[in-house]
Amino acid sequence: MTTTTSPRALEHPTRDQIRLESVLHALADPVRLSIVRELAREGAELSCSYFDLPVTKSTTTHHFRVLRESGVIQQTYRGTAKLSALRGEDLDALFPELLATVLAAADAQAARDGELV
């Protein structure tokens, strides 16, 4: 993991440190996958408070940490807000079409389940 000197900076793996098994583990959880789907849909950095998740605040924090530490998202502080963005460029460079394929499959499953896509 990269290290930082600022107490408000968050640790992220470098592109070379991102491992397929960690990414797949992060994407395998339905809550984390819903976060990734929303980030992909919006195509912008979103604050953690943007997400209306069916879990407690501490569990939400855990899910964001798993996504960050696996290399799926990048998080930065802006004032008091913690913003999250997909690391799509890094993921596509390492695992071409993986993220697009997973998101398409998740959308297809949601459509089958009658959810809004």
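Conventions used here
- Residues numbered from 1 in each chain as written.
- Predicted model: local features only at pLDDT ≥ 70, side-chain atom pairs only at ≥ 80, totals over all residues.
- Heavy atoms only, no water.
- Helix = DSSP H or I, 4+ residues; strand = E, 2+ residues; numbered from the N terminus.
- Rg over C-alpha atoms; globule rule 2.2 N^0.38 Å.
- Expected span 1.5 Å × (residues − 1).
- Contact = heavy atoms within 4.5 Å.
- Salt bridge = Lys/Arg side-chain N within 4 Å of Asp/Glu carboxyl O.
- Buried < 20%, exposed > 50% of the residue type's maximum accessible area, 1.4 Å probe, protein only.

Sorry, what's going on with the overall build of the protein chain here?
A tally of regular secondary structure across the protein chain gives five helices and three strands. Counting helices and strands in the order they occur from the N terminus, the protein chain gives α-α-β-α-β-β-α-α. For 117 residues, the compact-globule formula gives about 13 Å, and the C-alpha radius of gyration of the protein chain, at 14 Å, lands near that figure. Viewed in the frame of its principal axes, the protein chain has a C-alpha envelope of about 45 × 30 × 20 Å.

Mind showing me how you'd approach helix 3 (residues 57-70) here?
For an α-helix, 3.6 residues make a turn, and residues three or four places apart therefore share a direction. Relative to the 20 Å expected for 14 residues at 1.5 Å per residue, helix 3 spans 20 Å between its end C-alpha atoms, a close match to the ideal helical length. In the core, the buried residues of helix 3 are packed alongside helix 1 (20-28), helix 2 (30-42), strand 2 (73-78) and strand 3 (81-86).

Just checking my understanding: could you explain the pattern of salt bridges for this structure?
Pairing between side chains of opposite charge can happen when their charged atoms approach one another. In the structure shown here, the tally under the stated rule is eight salt bridges. Where D90 meets R87, a salt bridge forms, and the shortest distance between an N and an O atom there is 2.9 Å. Pair check on accessibility: D90 and R87 agree, each one buried. One continuous salt-bridge network, built from bridges that share partners, spans R15, R87, E89 and D90.

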